[in-house]
Amino acid sequence: MSRPSVGDGPDRSVATDRERTGVPSARAPQDGRAVDRTAHPAWLPPEAFRALGARRVLVHGAGLLVDTVFDEVGRACAAHGGRARRTALADDPVDDGVDVILALRDAGPLPAPAARAEATPPPGGDDAPLGDEGFLLTRADDVTVLLADAPAGLLYGLFHLIRLGETAFAADAPPRRHRPALRRRMLDHWDNVAVHPVMGQVERGYAGGSIFWRDGSARRDLARVRAYARLLAACGINAISVNNVNVGAVEARLLTDRLDDVAWIADVLRPYGVRVHLSVSFAAPVLLGGLPTADPRDATVRAWWAGATAQVYARIPDFGGYVVKADSEGQPGPFAYGRDHAEGANLLAGALAPHGGVVHWRAFVYDHRQDWRDRSTDRARAAHDHFAPLDGRFRDNVVLQVKHGPMDFQVREPVSPVIAAMPSTRLAVEFQVTQEYTGQQRHVCYLGPWWSDVLGFRPWGPSGPAVADLTAGGGLVAVSNVGDDPFWTGHPLAQANLYAFGRLAWDPRADPLAVLDEWITMTFPPATTGDPELVRATLHAVMDDSWRTYERYTAPLGVGWMVRPGVHYGPDVDGYEYSPWGTYHFADRDGVGVDRTRATGTGFTGQYPSPWSEVYESPERCPDELLLFFHHVPYGHLLHTGTTVVQHIYDTHFAGTEQARRMRRRWRRLAGVIDPAVHERVAQRLDEQVRCAEEWRDQINTYFFRKSGVPDARGRRIH
Ligand code: GCW
């Protein structure tokens, strides 16, 4: 095992989310090549660079990102005995004795093998432009050639080569073009600058403090942020928002007098092709500008945004744009002035447009002060009710950012109907990599399979477009799960979620288990473990089905919630039942579930186009896993599996808990085979996962047994 290990002492973060890991973060060295040795290398351990680094590599082209590529190649070659050379300009196309060429096509005459590759007709006639981020890869006459039209393409091509390892040098391969399906592949950090009294440094963060901010100040930890930029580029992420969408008084000032901190982050991320965005407060003209109003129709408000935005671009020329949570959970918004969200979003879009920026305007708008006695108000309806009528009214540089489900990142939800309702609006779908409702990085829960289902969902049925197609103009966004924890994500295996998010945003059709396999190979290179096949088999056994396992032992059949209010961890079946949050399961002695039908319920099913509108409306046709999201049914209702609802609840809770125990047993076999620090951290978390799963099982089963009086058909112990 040659990989450096990062121990962090006892794992206290199981006891509390916010506790620091106790490991000093890297000192911020002043030189630009700072390397963070305190953090786990995640999917970029030095060993992953061996195949490339052992060869003679030629980099051809100029520019900041090409410098990065050359820097990466240089380091790989220094570590693994290869040779890195560079031709910056057209007149020096060295091509003697090379194994690999990475070349920008417009950097003048290409080295001969690259010129030949360029002239080879693509198979299948794929000659679409490579664009800003695409690349072409081929191998002929013992030379592997990677061509790009823009530096970012070369960078993504480099990491593609790293993923391929020896395969990239094994046999001749015809030219193949690679391009991202989605233009913007973005992470939103819910990081606070000042520690929030309830939410801490990172809202819904389960990996220690923020890597950007600490106790009201910027950390400026160059090594850590730079290492992060590399990891992001290596999985295809190209944009990041650096502060929480709940914008506090201190955070609001990042837009103006604290802009330097944002510019510093932008400078560190830029060499890896990651652009910086900022969450801003809709009330900024009042809070920061001293104006009496933030009304979008007010000319002084428009002028204020134009001026503030111009200053941002003067400082950060490639600034990406704003992220806005408005009129939601207490954040200010246009409703205060009697304006709708198109007017609100267009105000900021107008300020950004001259600079080429975009505003990500969140569709997460609902009434969080609902009366639980009122059965007609349905939180699931809210985003569609607010936004569908506005389709066609948003400026071109508005991206409406829609949570993938109509509620809030539960372990199972249908796809949000907003995604099919806005054909004339740019859309981005928002995922939650941070595991707020899926085990908080104490439970193994690989979310790739679920995201893949969402991206592949076809709102108009099999012959219509998929969610991934509908978001091509906007992109994919996810709430980050990263903090200053030495493993980046608290649970080492939660790194796979971050990796998979980036890879699926690049290629939404990728098989999530193949992506997981890729992550395993990169993170646990075979040469660094005691038994590569055991490692691979164990990780698949523990992770492949872990999202469904988590679903089995938590809230059943799409009903959601049932978590401890506020913290959202662990079971509390009625915790949200009489709350103002619009999150109910309506269990009584006869049945359970939310009636969202048109016939007798809230009418939410009518927000979907055909065929789903009819499928969801019918308790017979509705997919089992969403039954209780759409219907209130008797406990004896028969599922498609032939089991009753209440028996299904018992069965899945026993089975899910047993699976969690099996995961733990499997993991134990890796002791001594992988990095002990990783092994130990995961082992501790699996103990907590098993404990928590048992608690879920017993509370849920007992609750439904007491409500229904129906005994378990298999006579297992229910309390
Ligand atoms: O899921 C809820 C979270 C809030 C979060 C909100 C949102 C940032 O519990 O913590 O606030 O979603 O998405 O805005």
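Above this text you will find the structure in question.
Numbers given for residues are sequential positions, taken from 1 along each chain in its written order. Since the coordinates come from a predicted model, pLDDT governs what is reported: local features require at least 70, and pairs of side-chain atoms require 80 or more to be given and counted, while whole-chain, interface and lining totals use all residues. Calculation of side-chain values draws on the structure's entire complement of heavy atoms; hydrogens and water are dropped beforehand.

S.K.: Please provide a residue-by-residue account of the overall build of the chain, values included.
M.R.: Runs of E in the DSSP output that reach at least two residues are strands. Runs of H or I that reach at least four are helices, and both are numbered from the N terminus. The secondary structure content of the chain amounts to 22 helices and 20 strands. Using C-alpha atoms as the atom set, the radius of gyration is obtained and then compared with a globule rule of 2.2 Å times the number of residues to the power 0.38. By the compact-globule yardstick of 27 Å for 719 residues, the chain fits well, its C-alpha radius of gyration being 26 Å. In terms of its C-alpha atoms, the chain occupies a principal-axis envelope of roughly 80 × 65 × 55 Å. In this scheme, a residue with accessible area under 20% of its type's maximum is buried, one over 50% is exposed, and one in between is partly exposed, where area comes from a 1.4 Å probe on protein chains only. Burial statistics for the chain: of 719 residues in total, 63% are counted as buried. Here the contacts in the chain between residues at least 6 apart in sequence split such that 73% fall between residues at least 24 apart. Within the structure as shown, the chain displays about 25,300 Å² of accessible surface, and the carbon and sulfur contribution to it stands at 52%. If the 79 positive side-chain charges of the chain are averaged to one point and the 88 negative ones to another, these points end up 2 Å apart. Note on contacts: a residue pair is in contact if any heavy atoms of the two residues lie within 4.5 Å. Accessible surface is estimated by sampling points in the Shrake-Rupley manner with a 1.4 Å probe; for residues, cover comes only from the protein chains shown. The positive count covers Lys and Arg only, the negative count covers Asp and Glu only, and His and the chain ends enter neither. A charged residue contributes its charge at one atom only: NZ of Lys, CZ of Arg, CG of Asp or CD of Glu.

S.K.: Could you give me a rundown of the packing of helix α13 (residues 448-456) against helix α15 (residues 495-506), with the residues and numbers involved?
M.R.: Each axis is a line fitted through C-alpha atoms, taken for helices only over the stretch in contact, and angles between the N-to-C directions span 0 to 180 degrees. The contact between α13 and α15 brings their axes to 10 Å, and the two run at 25 degrees. For the element pair α13 / α15, the angle class is roughly parallel. Seen from above, α13 lies across α15 with right-handed handedness. Only N497, A500, F501 and L504 of α15 make contact with α13, whose side of the interface consists of G448, W451, S452 and L455. Residues are grouped as follows: Ala, Val, Leu, Ile, Met, Phe, Trp, Tyr, Cys and Pro are nonpolar; Asp, Glu, Lys and Arg are charged; all remaining types, including Gly, are polar. The residue inventory of the contact of α13 with α15, partitioned by class, reads 5 nonpolar, 3 polar and no charged. An angle below 35 degrees is treated as roughly parallel, one above 145 as roughly antiparallel, one from 65 to 115 as roughly perpendicular, and anything else as oblique. Crossing handedness is defined as follows: a turn of the near helix away from the far one that is anticlockwise and smaller than a right angle gives a left-handed crossing, while the clockwise case is right-handed.

S.K.: For the sheet that holds strand β7 (residues 185-188), give the residues involved together with the corresponding values.
M.R.: Strands were regarded as paired on the criterion that DSSP finds at least two bridges between them. Pairing is parallel in the closed barrel, where 8 strands are placed in the order β7-β12-β13-β14-β15-β16-β17-β18. Strand after strand, the sheet turns through a mean of 25 degrees between neighbouring axes, direction not considered. Across 4 bridges, strand β15 (residues 358-362) lies against strand β16 (residues 398-403) in parallel orientation. By the bridge assignment for β16, H360 is matched with V399.

S.K.: Outline the site of the ligand, listing residues and values.
M.R.: Close to the ligand lie 15 residues, the nearest being E203, K325, K403, D408 and E436. Between the ligand and the protein, one listed contact pairs an oxygen atom with a side-chain N or O atom of N246 at 3.2 Å. Within the complex, 98% of the 340 Å² of free accessible area of the ligand lies under protein. Split into classes, the residues belonging to the shell around the ligand amount to 4 nonpolar, 3 polar and 8 charged. Only heavy atoms are used to decide nearness, and a residue is near a molecule or strand if one of them lies within 4 Å of it. Pairs of N or O atoms within 3.5 Å make up the polar contacts considered here, provided that, within protein, one atom can donate a hydrogen while the other can accept it, and that residues adjacent in sequence are counted only when both atoms are side-chain atoms.

S.K.: Which residues make up the layout of surface pockets, and what values do they have?
M.R.: Think of a 1 Å grid over the protein atoms and nothing else: a 1.4 Å probe that fits but is trapped marks a cavity, an open set flanked by protein within 12 Å on at least five of seven lines marks a pocket, and residues with an atom within 4 Å of a point count as lining. Grid points are joined across faces, edges and corners, and a volume is the space filled by probe spheres set on the points. Taken as a whole, the largest pocket holds about 920 Å³ of empty space. Around the largest pocket, the lining is made up of 41 residues, and of these H160, R163, L164, G165 and E518 lie nearest the centre. Elements with a minimum of two residues in the lining of the largest pocket: α1 (50-53), β4 (135-140), α4 (151-164), β6 (173-178), α5 (222-235), α15 and α16 (512-523). The greatest single-element share of the lining of the largest pocket, amounting to 6 residues, is contributed by α4. Broken down by class, the residue content of the lining of the largest pocket amounts to 23 nonpolar, 7 polar and 11 charged. Segmentation of the chain into domains, including their bounds, is taken from an automatic or database domain assignment. Taken together, domain 1 (43-178) and domain 2 (185-528) each give at least three residues to the lining of the largest pocket, which thus spans both.

S.K.: Before we move on, could you go through helix α10 (residues 341-352) and cite the residues and values that matter?
M.R.: An α-helical segment advances 3.6 residues per turn. Residues three or four places apart therefore align on the same side. Compared with an ideal rise of 1.5 Å per residue, which puts 12 residues at 16 Å, α10 spans 17 Å between its outermost C-alpha atoms and is within 8% of the ideal. Among the residues of α10, H341, A342, E343, G344, A345, N346, L347, L348, A349, A351 and L352 are the ones counted as buried. Elements in contact with the buried residues of α10: α9 (299-315), β14 (321-324), β15, α11 (382-387) and β16. Of the residues flanking the start of α10, the one acting as N-cap is D340, its side-chain oxygen 3.0 Å from the backbone nitrogen of A342. What a helix should span is 1.5 Å times the count of its residues minus one.

S.K.: Could you give an account of the pairing of strand β18 (residues 475-479), naming the residues involved and the relevant values?
M.R.: Counting buried residues in β18 gives 5 out of 5 residues, a clear majority hidden from the surface. What you see with β18 is no split at all: G475, V477 and V479 on one side and L476 and A478 on the other are buried throughout. Of the pairings in the sheet, the one linking β7 to β18 comprises 4 bridges and is parallel in character. Bridge pairing in β18 places L187 opposite A478.

S.K.: With reference to specific residues and values, describe the environment of A252.
M.R.: With respect to the helices, strands and loops of the structure, A252 is situated in helix α6 (residues 249-252). Overall, A252 belongs to the buried group, its relative accessible area being 6%. Between the C-alpha atom of A252 and that of A284, which follows or precedes it by 32 residues, the distance is 6.9 Å. When sequence neighbours within four positions are dropped, the list of residues in contact with A252 reads V247, L287 and L288.

S.K.: Residues and numbers for the pattern of salt bridges, please.
M.R.: By definition here, a salt bridge exists when the distance from a side-chain nitrogen of Lys or Arg to a carboxyl oxygen of Asp or Glu is within 4 Å. Scanning the entire structure with this criterion turns up 51 salt bridges. Among the ionic pairs, R214 bridges to D484, the shortest N-O distance being 3.8 Å. In this pair, R214 is assigned in strand β10 (residues 213-214) and D484 in the loop between β18 and α15, connecting sequence segments 270 residues apart. Classification of R214 as partly exposed rests on a relative accessible area of 33%. What makes D484 buried here is its relative accessible area of 9%. With a closest N to O distance of 2.9 Å, R315 and D260 form a salt bridge. In this pair, R315 is assigned in helix α9 and D260 in helix α7 (residues 259-269), connecting sequence segments 55 residues apart. Using a relative accessible area of 38% as the deciding quantity, one classes R315 as partly exposed. Taking relative accessible area as the criterion, D260 reaches 42% and is therefore assigned partly exposed.

S.K.: How would you explain α16 if you had to name every residue and give the values?
M.R.: Here α16 contains 12 residues, and its C-alpha end-to-end distance of 16 Å stays within 8% of the 16 Å for a straight helix at 1.5 Å per residue. Looking at the buried positions of α16, the neighbouring elements they touch are α4, α13, α15 and α17 (532-543).

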